[in-house]
Amino acid sequence: MKCYNCGCQLSEKEFCTGCGADVALYKKIMYASNFFYNEGLEKASVRDLSGAVASLRQSLKFNKNNVEARNLLGLVYFEMGEVVKGLGEWVISKNLRSEKNIADDYINMIQENPSRLETINQTIKKYNLALGYCQQDGLDLAVIQLKKVLSLNPNYIRAHQLLALLYMKAEEWEKAKRELDKCIRIDTGNTTTRRYLKEVEAMLDVAENARGGMRKKALPDDVVKYQSGNETIIQPVGNRDNRSVSTVLNIGIGIVIGIAAACFLILPSRLSSADSAAQAELRAVSEQLDKKTSTIEEMEQQAKLLTDENEKLKQELNDYVGNDGALEVVDGLLQTVSVYMENPEDTEQIAQSFEKIDMEAAGQVESERFQNVYQALLAQVGPSIASSYYEAGLDAYQKEMYEEAITNLTKAAQYDQENGDILYNLANAYRQNGDTDEAIEAYTSVVTKFEGTERARRAQKYLEELNEG
Amino acid sequence: MINFEEELKKFHPSLEVEDAEDAIYNQDLTDVADMLVGMMKEAEKEDQRRLE
């Protein structure tokens, strides 16, 4: 203990040996502070937290510099869920003694865990919100908020008390008692808790008595009541010594309970395991079935593709092969060659035979020898055939039979592609027949192929007309 | 019999963490020892005045 005047260490004397100041009263004040600190410590050790708070506050009123008392007060506040108050006491304590102070550890413990501090702040805010709901008659909402608060900070005495009060208001005495019991476990000496508990227990007693009274009313019918000395004997009517019967009955009940347990506990698990095994087997079979089904589908698809391909090939083969099994086109060409060899001058016969060859099919034959012979014959008889078709087409055109003219002139153009007259008249036939697109195509061919000729000039004129129209 | 409304008035909002600093600064830390020291100093001054 140090002198308040000079700071010297005080002795057992009632004055300061350094400055001579009277320290008798000062010492008594310090002793009183220490006494209350000790009392607070004792109360805190038996979980009388409210009593500890009162004593420690008293101690600090005598001596604000009693750092131990202040630290303990902070700790007690913290235990009661009043974290901010506890933190405040530790901060003051640290300011009073900056070194070798356990408050430093407490503050660090909170500051090093910001999420914990945030949670604490949330609980405080929720508590304040719940209090607001209470004042606005939103008791259900307040209960919800307080439950949340207590889930985050289970030691918050005030929240427990407020929740108990709300339960009491709703006459849910059992729930209120549970909350108050929790309070008592945290803080044994809280007078508010005790007061509420007294009220709740009284109400529970009233309820219990009401139930008991109802049972008592039934008593006289079932029992015989008589006095034996100082004792009142209550004996049920018709009570006989039937211990052997009750033993048998108990065994019977035991057996029934055993069977029931087997039915309700063992059998379902067995059934469940058997069911799960069956389901696993079913799943495996189902998977196999799926796999096989997919394989079958795949094979069916392949078979369909092969069938289609087969059909297509057959069709192609039929196109190529005639009735006697020889290739039609080759046969036609051989026939034409045969006619040519008999009489090379008879162009009419050659042309008739040549015309029987399908030009489109002949064009698709890949054989080089075939193509050489075919082209040679085409050069030989093509202009002659083209000329005959051209004349027929021109005749039909003059007779305004444009469909027939188009057919003949198209064939003539196929046999002699270098003849500008044929192409020009074909274009005219198309134009007269109203086939504008075909006419434009034919005129364009004339203009392109026979550029600089009179035909090309006329074709260009018609082309412009058609394009404008 | 507990009166709910009256009991509710005894509950006050808790101090939030943000308000802790102000609460610490505004806390009255005067103790009995301070008052004693003040009184003794006053008494000393009074004695000196009388002697003068």
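What counts and what doesn't
- Residues numbered from 1 in each chain as written.
- Chains lettered and ligands numbered in written order.
- Predicted model: local features only at pLDDT ≥ 70, side-chain atom pairs only at ≥ 80, totals over all residues.
- Heavy atoms only, no water.
- Helix = DSSP H or I, 4+ residues; strand = E, 2+ residues; numbered from the N terminus.
- Buried < 20%, exposed > 50% of the residue type's maximum accessible area, 1.4 Å probe, protein only.
- Contact = heavy atoms within 4.5 Å.
- Areas by Shrake-Rupley, 256 points an atom, 1.4 Å probe, with all protein chains shown as cover.
- Core = buried A, V, L, I, M, F, W, Y, C linked by side-chain atoms within 4.5 Å.
- Axes fitted to C-alpha atoms, helices over the stretch in contact; angles between N-to-C directions.
- Parallel < 35°, antiparallel > 145°, perpendicular 65-115°, else oblique.
- Left-handed = near helix turned anticlockwise from the far one by under 90°.
- Salt bridge = Lys/Arg side-chain N within 4 Å of Asp/Glu carboxyl O.
- Polar contact = N/O pair within 3.5 Å; in protein donor to acceptor, adjacent residues only side chain to side chain.
- Nonpolar A, V, L, I, M, F, W, Y, C, P; charged D, E, K, R; others polar.
- Disulfide = S-S within 2.5 Å.
- Phe/Tyr/Trp six-rings, centres within 6.5 Å; stacked < 30°, edge-to-face > 60°.
- Arc of directions from axis to C-beta.

1. Remarks on the overall build of chain A
Then step 1. Within chain A one finds 19 helices and two strands.
Then step 2. Residue burial in chain A is summarised as follows: out of 469 residues, 34% are buried.
Then step 3. Sequence separation of at least 24 residues holds for 43% of the intrachain contacts in chain A that already meet a minimum separation of 6.
Then step 4. Taken as a whole, chain A presents about 29,800 Å² of accessible surface, with 52% of it coming from carbon and sulfur.

2. Notes on the overall build of chain B
Then step 1. Tallying secondary structure elements over chain B gives three helices and zero strands in all.
Then step 2. Tracing chain B from N to C terminus, the helices and strands come up as α-α-α.
Then step 3. A buried classification covers 23% of the 52 residues belonging to chain B.
Then step 4. Looking at chain B as shown, the accessible area adds up to about 4,100 Å², and 51% of this sits on carbon and sulfur atoms.

3. Observations concerning the nonpolar core
All names here are of chain A.
Then step 1. Membership of the largest hydrophobic core comes to 44 residues, with the highest contact counts inside it found for Phe-354 and Tyr-443.
Then step 2. Every element with two or more residues in this core is listed here: helix H12 (328-342), helix H13 (347-355), helix H14 (359-364), helix H15 (368-398), helix H16 (402-415), helix H17 (420-433), helix H18 (436-449) and helix H19 (454-468).
Then step 3. If we ignore the near neighbours within four places in the chain, the residues touching Tyr-443 are Tyr-424, Ala-427, Asn-428, Arg-431, Ala-459, Tyr-462, Leu-463 and Leu-466.
Then step 4. Judged by nonpolar contacts, the second largest core, of 30 residues, contains Tyr-127, Leu-146, Leu-163 and Trp-173.

4. Structural notes on the packing of H15(A) against H17(A)
Residues and elements named next belong to chain A.
Then step 1. For the pair H15 and H17, the least separation of the axes is 11 Å and the interaxial angle reads 30°. By the criterion of interaxial angle, the relationship of H15 to H17 is roughly parallel. Seen from above, H15 lies across H17 with left-handed handedness. Here Ala-386, Tyr-390, Leu-394 and Tyr-397 of H15 come into contact with H17, specifically with Asp-421, Ile-422, Asn-425, Asn-428, Ala-429 and Gln-432.

5. Some thoughts on the interface of chain B and chain A
Then step 1. Across the boundary between the two partners, chain B contributes 26 residues, which contact 40 residues of chain A.
Then step 2. There are four salt bridges connecting chain B and chain A.
Then step 3. Among the ionic pairs, Arg195(A) bridges to Glu7(B), the shortest N-O distance being 2.6 Å.
Then step 4. In this structure, the connection of chain B to chain A is made through 15 residue pairs in polar contact (both at pLDDT 80 or more).
Then step 5. Counting residues per element, the ones that place at least two in the side of chain B that touches chain A are helix H1 (4-9), helix H2 (20-26) and helix H3 (32-51) of chain B.
Then step 6. The leading source of residues in the side of chain B that touches chain A is H3(B), at six residues.
Then step 7. A breakdown of the residues in the side of chain B that touches chain A according to their chemical character gives 16 nonpolar, three polar and seven charged.

6. Brief notes about the packing of helix H8 (residues 157-169) of chain A against helix H9 (residues 173-186) of chain A
A pair of packed helices is characterised by two quantities: the angle between their axes and the separation of those axes.
Residues and elements named next belong to chain A.
Then step 1. Running from amino to carboxyl end, H8 crosses H9 at an angle of 160°, the nearest separation of the two axes being 8 Å. Taken together, the axis directions place H8 and H9 in an arrangement best described as roughly antiparallel. Crossing of H8 over H9 shows left-handed handedness. Judged by residue contacts, Ile-157, His-160, Gln-161, Leu-163, Ala-164, Tyr-167 and Met-168 of H8 engage Trp-173, Lys-175, Ala-176, Glu-179, Leu-180, Lys-182, Cys-183 and Ile-186 from H9.
Then step 2. Of the residues in the contact of H8 with H9, the class split is 10 nonpolar, two polar and three charged.

7. Things to note about the state of the cysteines
Then step 1. All chains considered together, the criterion is met by zero disulfides over all chains.
Then step 2. We note that Cys6(A) lacks a disulfide partner, and the nearest cysteine sulfur, in Cys16(A), lies 3.4 Å from it.

8. Points about the side chain of Asp416(A)
Then step 1. Locating Asp416(A) in the fold gives a position in the loop between H16 and H17.
Then step 2. One polar contact links the side chain of Asp416(A) to the main-chain amide nitrogen of Glu418(A), over a distance of 3.4 Å.

9. Quick notes on the pattern of salt bridges
If the charged atoms of two oppositely charged side chains come close together, the side chains can form a pair.
Then step 1. Under the counting rule described, the total for this entry stands at 20 salt bridges over all chains.
Then step 2. With its nearest N and O atoms 3.6 Å apart, the salt bridge here joins Lys182(A) to Glu179(A). Within this pair, Lys182(A) and its partner Glu179(A) are both found in helix H9, separated by three residues, close to a single helical turn.
Then step 3. With a closest N to O distance of 3.1 Å, Lys10(B) and Glu7(B) form a salt bridge.
Then step 4. Accessibility expressed as a relative area gives 5% for Glu7(B), which makes it buried.
Then step 5. Here the salt bridges share partners, and the residues they tie into one network are Lys125(A), Glu16(B) and Glu18(B).

10. Brief notes about the side chain of Ser33(A)
Then step 1. Mapping Ser33(A) onto the fold places it in helix H1 (residues 24-45).
Then step 2. Non-local contacts of Ser33(A), meaning those with residues more than four positions away in its chain, are made with Ser59(A), Phe62(A), Asn63(A) and Asn66(A).

11. Section: the environment of Gly88(A)
Then step 1. With respect to the secondary-structure elements, Gly88(A) resides in helix H4 (residues 83-96).
Then step 2. For Gly88(A) and Ile107(A), which are 19 residues apart along the polypeptide, the C-alpha to C-alpha distance reads 9.6 Å.

12. What to know about the packing of aromatic side chains
Residues and elements named next belong to chain A.
Then step 1. Within the structure shown, the criterion is met by 11 aromatic pairs over all chains.
Then step 2. Aromatic pair Tyr-4 and Tyr-26: ring centres 5.1 Å apart, planes at 50°, arrangement tilted. Of this pair, Tyr-4 sits in the segment before H1 while Tyr-26 sits in helix H1, and the two are 22 residues apart along the sequence. Both residues of the pair, Tyr-4 and Tyr-26, belong to the buried class.
Then step 3. Relative to Trp-90, the ring of Phe-78 lies with its centre 5.7 Å away and its plane at 40°, an arrangement referred to as tilted. Of this pair, Phe-78 sits in helix H3 (residues 67-79) while Trp-90 sits in helix H4, and the two are 12 residues apart along the sequence. Trp-90 matches Phe-78 in its accessibility class, with the two residues each being buried.

13. Brief notes about unusual backbone geometry
Then step 1. Unusually for a residue other than glycine, Lys100(A) sits at a positive phi of about 50°.
Then step 2. If you trace the backbone, Lys100(A) turns up in the loop between H4 and helix H5 (102-111).

14. Quick word on H13(A)
Residues spaced three or four apart along an α-helix point in a common direction, a consequence of the helix completing one turn every 3.6 residues.
All names here are of chain A.
Then step 1. Within H13 the residues assigned to the buried category are Ile-350, Ala-351, Ser-353 and Phe-354. Buried residues of H13, seen end-on, are gathered within an arc of 165° and therefore sit on one face of the element.
Then step 2. Against the buried residues of H13 lie H12, H15 and H16.

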